[in-house]
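Coordinates in review
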Amino acid sequence: MLNSLSGEVTDRPPFWLMRQAGRYLPEYREIRAKAGNFLDLCYNPELAEEVTLQPLRRYGMDAAILFADILLIPHALGQPLAYREGEGPVLDPIRSAKELGKLDVADIHKTLDPVYETVGRLSQSIPKDCTLIGFAGAPWTVATYMVEGRGSKDYANIKNWAYSDPAGFGTLMDILVEATIEYLLKQVEAGAEVVQLFDTWAGVLPDDEFRKWAIEPTKRIVEGLHTQHPDLPVIGFPKGVGGNIIDFVRETGVTAVSLDTGTPLDWAAREVQSLVPVQGNLDPMLLVTGGAAMEERIVQIRETLGKKPFIFNLGHGIVPQTPPENVARLAEIIRGS
Ligand SMILES: Cc1c2[nH]c(c1CCC(=O)O)Cc1[nH]c(c(CCC(=O)O)c1C)Cc1[nH]c(c(CCC(=O)O)c1C)Cc1[nH]c(c(C)c1CCC(=O)O)C2
C-alpha cells in the first residue's frame, strides 16, 4: 500500500475495502451487541481494536482502517449525537452563525482520546506488512450532518446557509478544518501511516461552491498535516464529482484519490492516474451479487488501472447485506491464489 502511494506499480494491487469492518460480519454484530450503542463501540479502544482486526483475520487485507466514524468530530465539538436503529445518525442541527458558540474546539481531545488509544493499539497489533489508515470526514460532508441534523436528500438547509451567508457558514468550515487537522495529527502521532478524507457529499455542489467548500478546506487540511509530517500520504475521496476530480487533485495536494463507482475506468487511467495513484472502484452492489458479474468487473478494473500506481477498493462502503463469502472470493482473485 505504501509503495503504491509513493508511485510504484506493484506486482498485484494492494487491497482494502471501505467499511471493511461492519454489519456484514457476524463477529462484528456480536461485538456491536455487547458494546450497546455504536458510539460506545467507537470510544472503547479494546472493542474498536477488535472489530478493526476482524476483516483482516478473514481476508488478509493490505490495510486496516481505524474503526471510528466521521461524526465523532461534531460530537467532540459538543453537538449532541445519537445513532438510531434503522435511521442512522441524528444530531441537534446547527443552522446559523449565532449557534456556533455551542461548539468548542479547545476541548475535542478529551472526547477523542480513546480513538487515539485505538490507533496506538492497532499500530502494535496489525500484521507487519499491513498499513494502518486513519481517517476523518472532509468538512463539507461533516457539515451536512451538522446542519441537516441527519442524512439528507436535498441538502436544503446547508445549501441555503452556504449560499445566503457564506461568511457565517465559512466560520463553521474554519472550525472543522482546524478540528480535523488536530484530530488527524493525533492519529498520526499514535501510529496512523496514511490518512483518508471522506467527502461523500461533495458531488452535490456546483463547481464554484465545490472549489470553496470542498477543494479549499481539503487543501488547508493537507497543508496543515504536511507542515508537521511532510511525507504523510493523504488520500482524498470526493465522491460523485465527475470531471471536477481533476481540479481537486491538482489543487488540494492530496497524495492519491479514491474513485467512486461511476468514474469511467479508461478516462480515470488517462486523466487522473497520470497525476496521482488512484484507489477504487468496484460497485459495492457487485460484492452483494457476486459470481461472474463481480469477477469480470474485478478483472476489468485491475487490467485498466493496474498499469499505473493503483490500490484496489470499492467505489463506496460495503453494505450490510454483503455475503462474507463474496469478499473472500474478491480477496482470492486479487491475490491470485
Ligand atoms: C457519511 C459517513 C459516515 N461515516 C463514514 C462516512 C463516510 C463514508 C461513507 O459515505 O460511507 C465513514 C465511516 N464509518 C465507519 C467507518 C469505519 C471504518 C471502516 O471503513 O471499516 C468509516 C470510515 C463505521 C460505521 N459507521 C456507521 C456504521 C454502522 C453502525 C452500526 O453498527 O449500527 C459503521 C460500521 C454508522 C453511520 N455513520 C455515518 C452514517 C450515515 C451511518 C449510518 C448508516 C449506516 O448504518 O451505514 C456517517
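Residues numbered from 1 in each chain as written. Predicted model: local features only at pLDDT ≥ 70, side-chain atom pairs only at ≥ 80, totals over all residues. Heavy atoms only, no water.

This is how the line gets drawn: UniProt positions are given in the numbering used here, feature names are shortened, and annotations may be inferred rather than shown by experiment.
Within an unreviewed UniProt entry, the label attached to the protein reads Uroporphyrinogen decarboxylase, and the organism entered is Sneathiella litorea. Check the Subunit (unreviewed entry) section of the UniProt entry for the protein; it says "Homodimer."

Quick notes on the site of the ligand
Note the cut-off: Whether a residue is near a molecule or strand depends on its heavy atoms: if one lies within 4 Å, it is near. In protein, a polar contact requires one atom able to donate a hydrogen and another able to accept it; more generally it is a pair of N or O atoms within 3.5 Å, and residues adjacent in sequence count only if both atoms are side-chain atoms. Note that accessible areas follow from Shrake-Rupley with a 1.4 Å probe, and for residues the cover is restricted to the protein chains shown. Counting from the N terminus, the helices are the DSSP runs of H or I reaching at least four residues and the strands are the DSSP runs of E reaching at least two. Classification convention: Asp, Glu, Lys, Arg as charged; Ala, Val, Leu, Ile, Met, Phe, Trp, Tyr, Cys, Pro as nonpolar; all other residues, Gly among them, as polar.
As a matter of local geometry, the ligand sits amid 22 residues, with R19, R23, Y28, D69 and H316 nearest to it. A21 has a polar backbone atom sitting 3.2 Å from an oxygen atom of the ligand. Between the ligand and T200 there is a distance of 2.9 Å, counted from an oxygen atom to a side-chain nitrogen or oxygen. In isolation the ligand exposes 870 Å². Once the protein is present, 88% of that is buried. Elements represented by at least two residues in the shell around the ligand include exactly α2 (26-35) and β3 (88-91). Across the shell around the ligand, the residue classes break down as 14 nonpolar, 4 polar and 4 charged.

Quick word on the UniProt feature "domain: Uroporphyrinogen decarboxylase (URO-D)" (unreviewed entry) in the protein
Per the UniProt entry, the sites bearing "domain: Uroporphyrinogen decarboxylase (URO-D)" (unreviewed entry) are residues 133-149 in this numbering. Taken end to end, residues 133-149 comprises 59% helix and 29% strand; its first and last C-alpha atoms sit 28 Å apart.

Points about the packing of helix α6 (residues 108-125) against helix α9 (residues 166-190)
What counts here: In this description, a line fitted to the C-alpha atoms serves as the axis of each element, helices being fitted only across the stretch in contact, and the angle between N-to-C directions of two axes falls anywhere from 0 to 180 degrees. Any angle between 65 and 115 degrees counts as roughly perpendicular, while under 35 counts as roughly parallel, over 145 as roughly antiparallel, and the rest as oblique. Each helix crossing is assigned a hand: it is left-handed if the near helix lies turned anticlockwise from the far helix by less than a right angle, otherwise right-handed if that turn is clockwise. Residue contacts follow a heavy-atom distance rule, with two residues in contact if any of their heavy atoms lie within 4.5 Å.
Where α6 meets α9, the closest approach of the two axes is 8 Å, and the angle between their N-to-C directions is 30°. On the basis of their axis angle, the class for α6 and α9 is roughly parallel. The handedness of the crossing between α6 and α9 is right-handed. On the side of α6, the interface is formed by I108, H109, L112, V115, Y116, V119, G120 and S123, while α9 contributes A179, E182, Y183, K186, Q187 and A190. Here the residues of the contact of α6 with α9 sort into 8 nonpolar, 4 polar and 2 charged.

Quick look at the UniProt feature "binding site: substrate" (unreviewed entry) in the protein
What counts is decided by this rule: In this scheme, a residue with accessible area under 20% of its type's maximum is buried, one over 50% is exposed, and one in between is partly exposed, where area comes from a 1.4 Å probe on protein chains only.
Under the present numbering, the feature "binding site: substrate" (unreviewed entry) in UniProt falls on R19, Q20, A21, G22, R23, D69, Y145, T200 and H316. Looking at where R23 falls in the secondary structure, it is placed in the loop between α1 (2-5) and α2. The exposure class of R23 is partly exposed, given its relative accessible area of 47%. Those residues in contact with R23, other than ones at most four positions away along the chain, are Y28, R29 and P320. Turning to its location among the elements, Y145 is positioned in helix α7 (residues 139-148). Judged by relative accessible area, Y145 falls into the buried class, the value being 13%. Non-local contacts of Y145, meaning those with residues more than four positions away in its chain, are made with I70, L71, P89, L91, R150, G151 and W201.

Brief notes about the environment of T200
Looking at the secondary structure, you find T200 in the loop between β5 (194-199) and α10 (207-228). C-alpha separation for the pair T200 and P238, spaced 38 residues apart in sequence, amounts to 6.2 Å. Excluding residues that lie within four positions of it along the chain, T200 makes contacts with T141, F237, K239 and H316.

Quick look at the side chain of T144
Position of T144 relative to the elements: it lies in helix α7. At 2.6 Å, the side chain of T144 and the backbone oxygen of T141 are in polar contact. Leaving out residues up to four positions away in the same chain, T144 has contacts with G149, R150, Y155, I158 and W201.

Concerning the pairing of strand β8 (residues 278-282)
Counted only if it meets this: Strands qualify as paired when DSSP identifies two bridges or more between them. By convention, orient the strands away from the viewer: a clockwise path from the first strand over the helix to the second makes the crossover right-handed.
The buried fraction of β8 is high, at 5 of 5 residues. In this structure, strand β7 (residues 256-258) lies alongside β8, joined through 2 bridges in parallel fashion. Looking at β8, one finds that S258 is bridged to Q279. Taking the sense of rotation as the criterion, the β-α-β connection linking β7, helix α12 (residues 265-272) and β8 turns out right-handed.

Digging into the environment of T111
By the element assignment, T111 lies in helix α6. The exposure class of T111 is partly exposed, given its relative accessible area of 27%. In this structure the C-alpha to C-alpha distance between T111 and M1, which are 110 residues apart in sequence, comes to 31 Å. Here T111 is in contact with Y43, H75 and A76, once residues within four sequence places are set aside.

Thoughts on the packing of α9 against α10
With their axes 10 Å apart at the nearest point, α9 and α10 run at an angle of 30° to one another. The angle between α9 and α10 places the two elements in the roughly parallel class. Crossing handedness for the pair α9 and α10: right-handed. Residues P166, F169, G170, M173, D174, V177, T180, I181, L184 and L185 of α9 form the contact with α10, whose participating residues are K212, W213, P217, R220, I221, G224, L225 and Q228.

Examining the environment of R12
Mapped onto the fold, R12 is located in the loop between α1 and α2. Of the residues examined, R12 reaches a relative accessible area of 25% and is grouped as partly exposed. Counting along the chain gives 323 residues from R12 to R335, while the straight-line C-alpha distance between them is 6.9 Å. If we skip the residues at most four places from it in the chain, R12 touches D62, R302, I334 and R335. Side chain to side chain, R12 and D62 meet in a polar contact 2.9 Å long.

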